[in-house]
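An overview of the molecular structure
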Amino acid sequence: MISLIIGIVVSLLVVFFGTPVLIDIVHKLHYGQYIRQDGPKSHQIKRGTPTMGGLIIVLAIVLGWGASAVYRFCTGGSVPSWSAALVLFAMISMGLLGFIDDFAKVRKKQNLGLSVHAKFIGQFIFATCYAVLALIIPTKSGFPSAQAGMSFIEKPFWNFESAGKVGAMILFIIWVNFLMTAWTNAVNLTDGLDGLASGSSMIAFAGYAIIAYWECYHLKGTGHEGYAYAVSDPLDLSIIAVCAAVACFGFLWYNSNPATIFMGDTGSLALGGLFSALSIATHTEFLAIILGGLFVIEVMSDVIQVSCFKLTHKRVFKMAPIHHHFELLGWSEGKVVVRFWMIELLFTLAAVMIFYGDWVTRSGLLL
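Residues numbered from 1 in each chain as written. Predicted model: local features only at pLDDT ≥ 70, side-chain atom pairs only at ≥ 80, totals over all residues. Heavy atoms only, no water.

In the annotation of an unreviewed UniProt entry, the entry for the protein chain reads Phospho-N-acetylmuramoyl-pentapeptide-transferase, and the organism field reads Bifidobacterium apri. Per UniProt, the protein chain carries the Function (unreviewed entry) text "Catalyzes the initial step of the lipid cycle reactions in the biosynthesis of the cell wall peptidoglycan: transfers peptidoglycan precursor phospho-MurNAc-pentapeptide from UDP-MurNAc-pentapeptide onto the lipid carrier undecaprenyl phosphate, yielding undecaprenyl-pyrophosphoryl-MurNAc-pentapeptide, known as lipid I." The annotation that UniProt attaches to the protein chain under Catalytic activity (unreviewed entry) is "UDP-N-acetyl-alpha-D-muramoyl-L-alanyl-gamma-D-glutamyl-meso-2,6-diaminopimeloyl-D-alanyl-D-alanine + di-trans,octa-cis-undecaprenyl phosphate = di-trans,octa-cis-undecaprenyl diphospho-N-acetyl-alpha-D-muramoyl-L-alanyl-D-glutamyl-meso-2,6-diaminopimeloyl-D-alanyl-D-alanine + UMP". (UniProt positions renumbered as here; feature names shortened; annotations may be inferred.)

As structure tokens, then:
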């Protein structure tokens, strides 16, 4: 518990005191956000707002987890786990891709950064590295950092190993690439209003902190009653998740309407990469669809809009992603953001309840 508190305090201090420093640096470099011309007219006043705020979010998560790891090593000799390193690798690598995209935007002085092909190649390389390392690197817990299969909670309903070792590796690489691409794009699309992505991410990561901590308490070999999980180093995962939630919470101080800094693709891709990696590491890839329900709604609204326009030349929404639709209906930006936070909170509560209900059922504790 003390290690969790240390992670929380350090992450909060880093993001709270580091963000003003980053704002000053970005201002001096004239790295301001460029706004899409086809968006709501009210957004044009945001032009020039400092971007790349995701840098401080990533730094806060890494330093928060690092401080916690140092404490655990000094007090109990516990060394950092490969599971944590791989999850952080997913976050940092996707954040790096986002940073390159943000940098390209400010250099070109337009809202178009890396090409779609360049982004895809970058995501493929980083996701593939994560997938391979997650399967082959041994962990101190004895459980793999990931399992080659698709899971709702814990046990895979489709085990890729039925295709043989090589087939399992190939299928897992494809699966991880899909998850990384889906979640990074989902968080990126959600980052369209002040505080929307950071607040929603805060709620989602808080849910994962609870899930990972429960898995830690009921880990195989710990001797606790009820169903036990074969997850690698879930305490590290819970600390990373809670640091992410706290980092997003602190960032909201500066990112809430009217925002004085945006997280940019640096932040949205990093948070999407972290979310997907946590779903893989905790064996909850399909539960994540519920846990990150708001992000799913955002990306699906965009898919529906594009698909219907191509088929019928008519728009389902006034604008996509769907948060812009409600803006154009006359809702204030603040109202859209708060209500969408409420929706994400309901999704997160539902996911945590489903997770707990699954544990109760597997433990045979139902009356």
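Read on, since the account is not over.
Observations regarding the packing of helix H4 (residues 116–136) against helix H5 (residues 164–190)
Where H4 meets H5, the closest approach of the two axes is 9 Å, and the angle between their N-to-C directions is 130°. Classified by the interaxial angle, the pair formed by H4 and H5 is oblique. Judged by the twist between their axes, the crossing of H4 over H5 is right-handed. Residue-level inspection shows Gln-123, Phe-124, Ala-127, Thr-128, Tyr-130, Ala-131, Val-132, Leu-135 and Ile-136 of H4 in contact with H5, the latter providing Met-169, Phe-172, Ile-173, Val-176, Asn-177, Met-180, Thr-181, Thr-184 and Asn-185. Along the lines of polarity and charge, the residues of the contact of H4 with H5 split into twelve nonpolar, six polar and no charged. (Axes fitted to C-alpha atoms, helices over the stretch in contact; angles between N-to-C directions. Helix = DSSP H or I, 4+ residues; strand = E, 2+ residues; numbered from the N terminus. Parallel < 35°, antiparallel > 145°, perpendicular 65-115°, else oblique. Left-handed = near helix turned anticlockwise from the far one by under 90°. Contact = heavy atoms within 4.5 Å. Nonpolar A, V, L, I, M, F, W, Y, C, P; charged D, E, K, R; others polar.)

Topic: the nonpolar core
Of all hydrophobic cores here, the largest spans 85 residues; its most connected members are Ile-61, Tyr-130, Phe-172 and Leu-274. No other element matches helix H7 (residues 234–255), which puts twelve residues into this core. Judged by nonpolar contacts, the second largest core, of eight residues, contains Phe-317, Ile-322, Val-336 and Phe-340. (Core = buried A, V, L, I, M, F, W, Y, C linked by side-chain atoms within 4.5 Å. Buried < 20%, exposed > 50% of the residue type's maximum accessible area, 1.4 Å probe, protein only.)

Here's the deal with the side chain of Ser-276
Position of Ser-276 among the secondary structure elements: in helix H8 (residues 264–281). A polar side-chain atom of Ser-276 sits 2.9 Å from the main-chain carbonyl oxygen of Gly-273. Setting aside chain neighbours within four positions, we find Ser-276 in contact with Leu-179, Met-180 and Trp-183. (Polar contact = N/O pair within 3.5 Å; in protein donor to acceptor, adjacent residues only side chain to side chain.)

Topic: unusual backbone geometry
With an omega of -5°, the peptide bond running from Asn-257 to Pro-258 counts as cis. A cis amide bond links Ala-320 to the next residue, Pro-321, at an omega of 0°. In this structure, Asp-233 takes a positive phi of about 50° despite not being glycine. Counting through the fold element by element, Asp-233 comes out in the loop between helix H6 (196–217) and H7. Its relative accessible area of 10% is what places Asp-233 among the buried residues.

What to know about the packing of aromatic side chains
Aromatic ring pairs are reported here in terms of the distance separating the ring centres and the angle at which the planes meet. Taken as a whole, this structure holds 20 aromatic pairs when the rule is applied. Between the aromatic rings of Trp-175 and Phe-286, the centroid separation amounts to 5.7 Å while the plane-to-plane angle is 15°, which identifies the pairing as stacked. Here Phe-286 lies in the loop between H8 and helix H9 (287–291) and Trp-175 lies in helix H5, a separation of 111 residues in the sequence. Given the relative accessible area of 9%, Trp-175 is considered buried. Taken together, a centroid distance of 5.1 Å and an interplanar angle of 90° make the contact between Trp-214 and Trp-359 edge-to-face. Of this pair, Trp-214 sits in helix H6 while Trp-359 sits in helix H12 (residues 333–363); the two residues are 145 residues apart in sequence, bridging distant segments of the chain. Relative accessible area serves as the criterion here: at 27%, Trp-214 is assigned to the partly exposed category. With a relative accessible area of 6%, Trp-359 lands in the buried category. Here the guanidinium or amino end of Arg-339 rests over the ring plane of Trp-331, the centre of that ring lying 4.7 Å away. (Phe/Tyr/Trp six-rings, centres within 6.5 Å; stacked < 30°, edge-to-face > 60°. Lys NZ or Arg CZ within 6 Å of the ring centre and 35° of its normal.)

Observations regarding the layout of surface pockets
Size it by volume and the second largest pocket reaches roughly 270 Å³. In terms of lining residues, the second largest pocket is bounded by 13 residues, among which Phe-178, Ala-182, Trp-183, Ile-289 and Val-296 are the most central. It is H5 that provides the largest number of residues to the lining of the second largest pocket, a total of six residues. When its residues are assigned to classes, the lining of the second largest pocket shows twelve nonpolar, no polar and one charged. (1 Å grid on protein atoms, 1.4 Å probe; cavity = no way out; pocket = protein on both sides within 12 Å on 5 of 7 lines; lining within 4 Å. Points joined across faces, edges and corners; volume = space filled by probe spheres on them.)

What about the environment of Ile-174?
Looking at the secondary structure, you find Ile-174 in helix H5. Put simply, Ile-174 and Thr-128 are 46 residues apart on the chain and 8.1 Å apart in space, counted from C-alpha to C-alpha.

Digging into the UniProt feature "binding site: Mg(2+)" (unreviewed entry) in the protein chain
Within this numbering scheme, the UniProt entry marks Asn-188 and Asp-265 as carrying the feature "binding site: Mg(2+)" (unreviewed entry). Despite a sequence span of 78 residues, these residues sit close together in the fold, their greatest C-alpha distance being 6.6 Å. The topology assignment puts Asn-188 in helix H5. A relative accessible area of 21% places Asn-188 in the partly exposed class. Apart from residues no more than four positions distant in its own chain, Asn-188 is found in contact with Asp-265, Ser-268 and Leu-269. With respect to the helices and strands, the residue Asp-265 is situated in helix H8.

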